[in-house]
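Structure assessment
Here are the chains, one letter per residue:
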Amino acid sequence: MIVFVSFDKGTFAFESREDFSINPKVHVVITNGLDAPTTSKNITVHCKSKDDDLGFHTLMFGESWDFTFRPLVFPRWQETLFFCSFTWPKDPLLHYLDVYNQKKDECIECLWKITSKGGCKYNSNLKKYDVCVPWKSVQVVGANNSSKI
């Protein structure tokens, strides 16, 4: 792709490489790592941002689901946030987690393993899921109020 840029003293053209971007795509991968004592548990994942609802996805133990997006560049006071809810059988709670927060996250590949205690993000330096965070909030499924437990 050729890009033209105009300045007061003239117009310049340069070729843009595919892997270079001022606003690169972010890739989020969510893996069901739900610790189950004897049998594997499916989880249902529902991810959203302010503008996008990515729908419901059911993952068997060890299975992954992913999505990509471009974070906002302008206006600067608005930033991209994707959050997900997680449910699984025999647990009456919705578990919430921010899987991408532009104010905090610098990842281009944001890899998450979901456990019963929260989510663990992949640490590419140590090559393991050791950046663990507890659930941001928990809510009773089907509750008619917006209060969090």
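All figures in this text were calculated on a predicted structure; none of them were measured in a lab.

Rules and cut-offs
- Just so you know, the residues in each chain are numbered from 1, in the order the chain's sequence is written.
- Reporting of local features is limited, given that this is a predicted model, to residues whose pLDDT is at least 70; pairs of side-chain atoms are given and counted only at 80 or more, and all residues count toward the totals for whole chains, interfaces and linings.
- Working from all heavy atoms in the structure, the side-chain values ignore hydrogens and water.
- pLDDT expresses how confident the predictor is about each individual residue, on a scale running from 0 to 100.
- Whether two residues touch is decided by their heavy atoms; if any such pair falls within 4.5 Å, the residues are in contact.
- Here a pair means two rings of Phe, Tyr or Trp (six-membered ring of Trp) with centres within 6.5 Å. Their orientation is stacked below 30 degrees between planes, edge-to-face above 60, and tilted elsewhere.
- Secondary structure follows DSSP: runs of H or I at least 4 residues long count as helices, runs of E at least 2 residues long count as strands, and numbering of each begins at the N terminus.
- Relative accessibility decides the category of a residue: with a 1.4 Å probe and only protein chains considered, values under 20% of the type maximum give buried, values over 50% give exposed, and everything between is partly exposed.
- A pair of strands is labelled paired if DSSP reports no fewer than 2 bridges between them.
- What counts as an axis is a line fitted to C-alpha atoms, over the stretch in contact for a helix, and the angles between N-to-C directions run from 0 to 180 degrees.

**Description of the confidence of the model for the chain**
The predicted coordinates should not be examined in detail at positions where pLDDT is low. Averaged over every residue, the pLDDT of the chain is 82; the share at 70 or more is 75%. A low-confidence stretch, residues 145–149 (pLDDT under 50), is modelled with 9 contacts involving residues beyond four sequence positions or located in other chains.

**Concerning the packing of aromatic side chains**
Per the stated rule, a full pass over the model turns up 8 aromatic pairs. An angle of 70 degrees between the planes, with centres 5.0 Å apart, marks the rings of Phe69 and Tyr100 as edge-to-face. Taken as a pair, Phe69 in strand β6 (residues 64–69) and Tyr100 in strand β8 (residues 93–101) lie far apart in primary sequence, 31 residues in all. Of the two residues, Phe69 and Tyr100, neither departs from the other in class, the shared state being buried. Ring pairing ties together the aromatic residues Trp65, Phe67, Phe69, Phe82 and Tyr100, which thus form one cluster.

**Re the sheet that holds strand β4 (residues 43–48)**
Strand order in the open sheet formed by 5 strands is β5-β4-β7-β8-β12, with antiparallel pairing between adjacent strands. Two strands bound the open sheet, and with one partner strand each, they are β5 (53–59) and β12 (137–140). Across the sheet, the mean angle from the axis of one strand to that of its neighbour is 25 degrees, orientation sign disregarded. In this structure, β4 lies alongside β5, joined through 5 bridges in antiparallel fashion. The partner of Val45 across the bridge, within β5, is His57.

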